[in-house]
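One letter stands for each residue in the lines below.
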Amino acid sequence: MASDFISVIQPGDARQREGGNDKVVPILPVRDTVLFPHAVLPLTVGRESSIQLINSLGEEKSIVVVAQRDARVDTPQPQDLHAFGTLATVHKVVKMPNQSLFVFTEGTERVRLGEFSRIEPYMMASVDPVPEAPAPKNPSIEALQRNVITQFQQIVTSSPTLSDELQTIAMNIDEPGRLVDFIASSLPFLATNDKQELLETPDVAMRLERINKHLAKEIEVQQLRNKIQTEVQDQVQQSQRDYYLREQLKAIQKELGEMDEGQKDIEELRQKIEAAGMPEETKKEALKELNRLSRMSPMAADYSLTRNYIEWLAVLPWSKSSGTAVDITKARDILDEDHYDLKKVKDRILDYLSVRRLKADMKGPILCFVGPPGVGKTSLGRSVARALNREFRRISLGGMHDEAELRGHRRTYIGALPGQIIQNLRRAGANDPVFMLDEVDKLGRDFRGDPASALLEILDPEQNYTFRDNYLDQPFDLSKVLFICTANVLDTVPEPLRDRMEIIELQGYTEEEKKHIAFRYLIPRQIKENGITPEQIEFPEESIGYIVRHYTREAGVRKLEQQIGTLCRKQARRIAEGKTEKLVITQEVITEFLGGIKIRVDTEIAERTKRAGVAVGLAWTPAGGDILFIEANRMKGKGGFTMTGQIGEVMQESMQAALTWVRSNARELGLEEDLLKDTDLHIHVPAGAIPKDGPSAGVTMVTALVSLLTDRPIHPLTAMTGEITLSGNVLPVGGIKEKFLAAKRAGVTTVILPTENRLNVEEDLGPEQTQGVDIRYASRIEDVLSVALPRSRAEENHDQAVREEVLQHTA
């Protein structure tokens with residue numbers, strides 16, 4: 001019933017009576033407090049004006065207690081007070097050590113403030129009693145009153161701060177108005193404004209309804225609070241129960257000499273760490289993390305993260321290697337068994353194996369196989385692993401643009417894992433596997449990092465013995481790993497990365513080599529994969545040559561294997577349909593199953609070089625080599641020169657150089673010196689949709705121009721390559737093997753090459769590859785023209801006869 005709110009009072013005189021029935025009474029403003037009639041309320045009076053008011057009271061100690069509208073106002077004025085207050089009697093005043101007064105007041109009746117007669121030193125005002133409108137005696141009021149009592153009892157029972165005596169007092173109050181005032185003064189949760197509203201309501205029935213709403217709301221709040229409290233207590237009790245049971249279990253297991261599951265896991269991890277053979281510093285870090293794990297609760301958020309980290313450290317092959325002696329003869333047999341030719345590559349692998357046999361702790365080389373698609377780069381890496389008797393792991397770098405894919409994420413990230421290098425080492429189970437880093441030329445880069453830069457450390461034997469994955473943050477020795485990279489081109493590989501790798505080029509295959517590969521590898525594999533037997537299908541040698549010549553144009557054999565697979569599937573379908581006879585693959589069968597001829601390499605050159613102004617060049621592409629037609633034409637004009645065919649700047653400059661040489665040597669060529677006075681020239685390089693660039697078609701452009709201007713078609717089945725200078729010299733070019741093989745695939749019988757490329761031919765091309773092709777070397781453009789163009793009418797007639805024979809034979 002007591003309330004410890006500070007009330008602010010202004011000093012005054014004793015109660016005075018003035019004319020009429022109005023009483024003039026001292027006004028005691030209070031903060032956040034409402035005094036109800038028949039309620040006793042202790043007030044702490046601290047303001048100077050309020051102390052003067054209390055001290056000035058005479059025999060009749062009556063005051064009016066009024067709540068302030070705003071509790072923050074220190075010196076309230078009449079407008080700062082509510083219009084309704086409570087007439088009260090001061091029963092006792094106690095002086096406190098801090099000079100304030102402790103005043104016991106008892107409310108007697110509701111009053112309305114009238115006119116203020118004094119403001120200083122304390123407020124005095126006339127007051128009018130506010131009579132209550134008694135509630136009617138009817139069942140609804142009685143029911144409402146009972147409901148209020150019941151709710152009040154419920155609140156008192158569930159509240160730890162309210163005395164149980166309040167229930168008894170409330171039950172003994174029969175008068176509804178007095179009951180509401182008692183309950184309102186007893187509830188600490190009611191806001192000051194709500195209490196003031198009840199004080200200002202003279203209608204008892206309305207007061208009952210309002211207090212009923214407040215009680216109902218408080219009961220709902222208490223129920224929610226109890227529910228929340230119960231849930232929290234249940235959780236706490238469950239956690240405590242689990243803890244006590246776990247501790248008891250530990251004590252029992254300790255007495256029995258047993259270990260719980262968590263201790264077993266810790267001990268197993270400890271044994272794995274001891275057996276892993278990791279470096280001392282790494283082992284120290286692993287044991288430190290393990291001790292930290294043993295002190296953690298399995299329910300802790302970091303428990304699974306720490307456990308995963310320790311498991312990664314424990315299962316890596318720190319000191320485990322294949323350890324088998326290398327048999328050089330057996331390795332050679334395996335390489336020959338899996339791949340045809342590729343002599344340079346096989347020699348390099350056998351050299352490495354030989355050195356490793358003599359020096360077991362040598363660092364692994366970083367090899368890079370560069371070549372067109374389908375020549376066997378990836379499968380060669382698998383054969384190397386088999387020859388070494390090591391684990392083989394392939395990591396595709398094509399499209400990778402996040403450095404963390406290789407080096408891992410730091411442990412602070414959710415779902416962090418080691419990078420592909422460490423993951424594949426774990427799968428390999430040894431620290432010296434063969435790693436195939438496929439498509440290293442197709443690495444990407446973006447805001448997440450540059451994987452090519454991460455490879456700089458991985459592919460450097462001087463650095464990778466202390467390779468640190470971001471997740472493990474411990475050095476791992478990669479120097480025993482044999483890294484083999486593959487690429488189609490080296491242009492997109494950064495120079496520092498290219499410098500760390502030993503480049504081994506794999507050129508394309510000739511028609512004869514493709515036949516060998518088809519009979520030795522492709523046909524048996526496709527027969528097996530398509531569920532038929534060698535007795536059910538037969539591939540004659542001439543049929544394979546026919547497929548190679550007219551259905552594929554590639555440096556490798558991937559397309560050839562697809563065509564052979566198509567023929568095997570057709571036979572499988574025939575067998576499934578009940579036709580069990582053996583299928584012999586003839587040209588007619590090929591045409592039926594694969595469609596008409598896709599590539600007319602034999603007739604294309606003979607057909608297109610019938611007219612003057614057309615020459616055949618040789619080009620290098622990422623997919624191998626290819627032939628390149630250069631066409632020149634003339635028309636009436638004013639000496640204009642047009643170049644088309646989506647050609648680059650270097651190629652355009654070669655065309656300008658070719659034209660300049662022809663004009664400067666017009667007299668030696670038998671042409672008029674002002675030959676372009678009334679003539680426009682146009683050079684076109686089909687196909688127009690393919691970008692082309694480079695200087696190696698210089699001799700071809702000169703030959704095409706001279707052929708056009710002298711009206712002499714070039715010899716049939718003749719192709720050439722070489723860069724030219726303005727003085728007429730022929731300079732060497734690259735990609736000789738690919739260009740030569742492309743010429744041979746196209747049916748060319750005479751190839752003109754720069755003299756300085758003779759060494760490339762001798763190193764890269766064997767006798768079986770150059771067989772059937774006449775190679776001519778030229779150091780001057782005059783040498784090229786003497787080979788490419790006919791020098792007499794008899795040679796022209798012979799060329800015409802050869803063309804007709806080629807076209808007629810193919811038709």
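Residue positions within a chain follow its written sequence, with the count starting from 1. Per-residue local features are limited, in this predicted model, to residues with pLDDT of at least 70; the limit for side-chain atom pairs, both in listing and counting, is 80 or more; totals at the level of whole chains, interfaces and linings are taken over all residues. The basis for the side-chain values is all heavy atoms of the structure; hydrogens and waters are excluded.

Caption draft 1: Fine view of the overall build of the chain. Counting from the N terminus, the helices are the DSSP runs of H or I reaching at least four residues and the strands are the DSSP runs of E reaching at least two. For the chain, the count of helices and strands is 28 helices and 26 strands. Put simply, the radius of gyration uses C-alpha atoms, and a globule should come to 2.2 Å times the residue count raised to 0.38. Relative to the compact-globule value of 28 Å for 811 residues, the chain shows a C-alpha radius of gyration of 52 Å, a clear excess of over 25%. Here the C-alpha coordinates of the chain stretch approximately 155 × 90 × 60 Å along the principal axes. The cut-offs for exposure are 20% and 50% of the maximum accessible area for each residue type, with area from a 1.4 Å probe on protein chains only; residues under the lower value are buried, those over the upper are exposed, and the others partly exposed. A total of 811 residues make up the chain; the buried ones form 48% of that total.

Caption draft 2: Local environment of the nonpolar core. In this text, buried Ala, Val, Leu, Ile, Met, Phe, Trp, Tyr and Cys residues form a nonpolar core when linked through side-chain atoms within 4.5 Å. Grouped together as the largest cluster of nonpolar side chains are 66 residues, with contacts concentrated most on Ile605, Val662, Leu681, Val702, Leu705, Val751 and Val784. Of all the elements, helix H23 (residues 698-710) adds the most residues to this core, at eight residues. Excluding anything up to four places from it in sequence, Val751 contacts Leu618, Ala719, Phe740, Ala743, Val773, Asp774, Ile775 and Arg776. Of all hydrophobic cores here, the second largest spans 53 residues; its members include Tyr352, Leu482, Tyr551 and Leu583. Every residue pair with non-hydrogen atoms within 4.5 Å of one another is taken to be in contact.

Caption draft 3: A look at the pattern of salt bridges. Each reported salt bridge corresponds to a side-chain nitrogen of Lys or Arg within 4 Å of a carboxyl oxygen of Asp or Glu. Scanning the entire structure with this criterion turns up 35 salt bridges. For the salt bridge of Arg110 with Glu132, the shortest nitrogen-to-oxygen distance reads 3.1 Å. On the criterion of sequence distance, the pair formed by Arg110 in strand E7 (residues 101-118) and Glu132 in the loop between strand E8 (124-129) and helix H2 (139-158) is long-range, its members being 22 residues apart. Between Arg292 and Asp302 there is a salt bridge, with its nearest N and O atoms 3.9 Å apart. Pair noted here: Arg292 is in helix H8 (residues 280-294) and Asp302 is in the loop between H8 and helix H9 (303-315), with a separation of 10 residues, a long-range link.

Caption draft 4: Representation of the sheet that holds strand E10 (residues 392-396). The parallel open sheet is built from five strands, whose spatial order is E10-E11-E14-E9-E15. The open sheet has two edge strands with one neighbour each: E10 and strand E15 (502-505). Across the sheet, the mean angle from the axis of one strand to that of its neighbour is 25°, orientation sign disregarded. Two strands make a pair as long as DSSP finds a minimum of two bridges between them. Where strand E11 (residues 434-438) and strand E14 (residues 482-487) come together, four bridges link them in parallel fashion. When the bridges of E14 are listed, Val434 appears paired with Leu482. Axis definition: a line fit to C-alpha positions, over the contact stretch in the case of helices; interaxial angles, taken between N-to-C directions, run 0 to 180 degrees. Relative to the sheet, helix H14 (residues 420-428) contacts E10, E11 and E14, its axis offset from that of E10 by approximately 155°.

Caption draft 5: Geometry of the pairing of strand E9 (residues 366-370). The buried fraction of E9 amounts to five of the five residues, a majority that puts the element mostly inside the structure. Residues Ile366, Cys368 and Val370 of E9 are buried on one face, and the alternating residues Leu367 and Phe369, pointing to the opposite face, are buried as well. Sheet topology places E9 next to E14; five bridges connect them, and they run parallel. Within E14, the position partnered with Phe369 by the bridge is Thr486. Bridge count for E9 against E15 is four bridges, and the pairing is parallel. Counterpart to Cys368 in the pairing with E15 is Ile503.

Caption draft 6: Expanded view of unusual backbone geometry. Backbone torsion omega between Glu120 and Pro121 reads -5°, so that peptide bond is classified as cis. Residue placement: Pro121 occurs in the loop between E7 and E8. Of note in the backbone geometry, Asp32 takes a positive phi value of approximately 50° without being a glycine. Tracing the backbone through its elements, the reader meets Asp32 in the loop between strand E3 (23-30) and strand E4 (40-45).

Caption draft 7: Looking closely at the confidence of the model for the chain. Summary statistics for the chain give a mean pLDDT of 83 and a share of 94% for residues scoring 70 or more. Predicted confidence in the chain is weakest over strand E1 (residues 6-7), with a mean pLDDT of 32, and strongest over strand E25 (residues 750-754), with 93. The score called pLDDT rates the predictor's confidence residue by residue, from a low of 0 to a high of 100. This stretch, residues 1-21, has a pLDDT under 50; its non-local contacts, to residues over four places away or in other chains, come to 89 contacts.

Caption draft 8: Structural view of H2. Here the expected length of a helix is defined as 1.5 Å per residue gap, with one fewer gap than residues. Over its 20 residues, H2 extends 29 Å from the first C-alpha to the last, a length consistent with the 28 Å expected when each residue adds 1.5 Å. When we look at burial in H2, the residues that qualify are Ile141, Leu144, Gln145, Val148, Ile149, Gln151, Phe152, Gln153, Ile155 and Val156.

Caption draft 9: Highlighting the environment of Glu538. For Glu538, the location among the structural elements is in strand E16 (residues 537-538). Residues Glu538 and Ile395, spaced 143 residues apart in sequence, show a C-alpha to C-alpha distance of 38 Å. The residues touching Glu538, leaving out its near neighbours within four places in the chain, are Lys582, Leu583, Val584 and Ile585. Pairs of N or O atoms are called polar contacts if they sit within 3.5 Å, as long as, within protein, a hydrogen donor faces a hydrogen acceptor (for residues adjacent in sequence, only side-chain-to-side-chain pairs). Reaching out from Glu538, the side chain makes a polar contact with the side chain of Lys582 at a distance of 3.5 Å.

Caption draft 10: Seen up close, the side chain of Thr306. Counting through the fold element by element, Thr306 comes out in helix H9. Apart from the residues within four sequence positions on either side, Thr306 is in contact with Glu289, Arg292, Leu293 and Met296.

Caption draft 11: Local environment of the environment of Gly722. Tracing the chain through its elements places Gly722 in the loop between strand E22 (718-720) and strand E23 (723-724). The class of Gly722 is buried, set by a relative accessible area of 0%. Through-space distance from the C-alpha of Gly722 to that of Ser696 is 4.7 Å; in sequence the pair is 26 residues apart.

Caption draft 12: Spotlight on the pairing of strand E6 (residues 84-95). Relative to E6, strand E5 (residues 62-67) is paired through four bridges, and the arrangement is antiparallel. The residue of E6 that forms the bridge with Val64 is Leu87. In the sheet, E6 pairs with E7 via 11 bridges, with the strands oriented antiparallel. The residue bridging Thr86 from the neighbouring strand is Arg110, located in E7. Hairpin remark: E6 followed by E7, antiparallel, with five residues in the connecting loop; positive phi at Gln99, about 75°.

Caption draft 13: Here's a closer look at a nonpolar patch on the surface. Exposure above 30% relative accessible area and the absence of a salt bridge qualify a residue for a patch, where like charges join within 9 Å and nonpolar side chains (Val, Leu, Ile, Met, Phe, Trp, Tyr) within 5 Å. Here the Shrake-Rupley method, with its probe set to 1.4 Å, supplies the accessible areas, and only the displayed protein chains count as covering residues. A cluster of nonpolar side chains, namely Ile228, Val232 and Val236, defines an oily patch on the protein surface of about 250 Å² accessible area. Along the polypeptide, Val236 turns up in helix H6 (residues 204-256).

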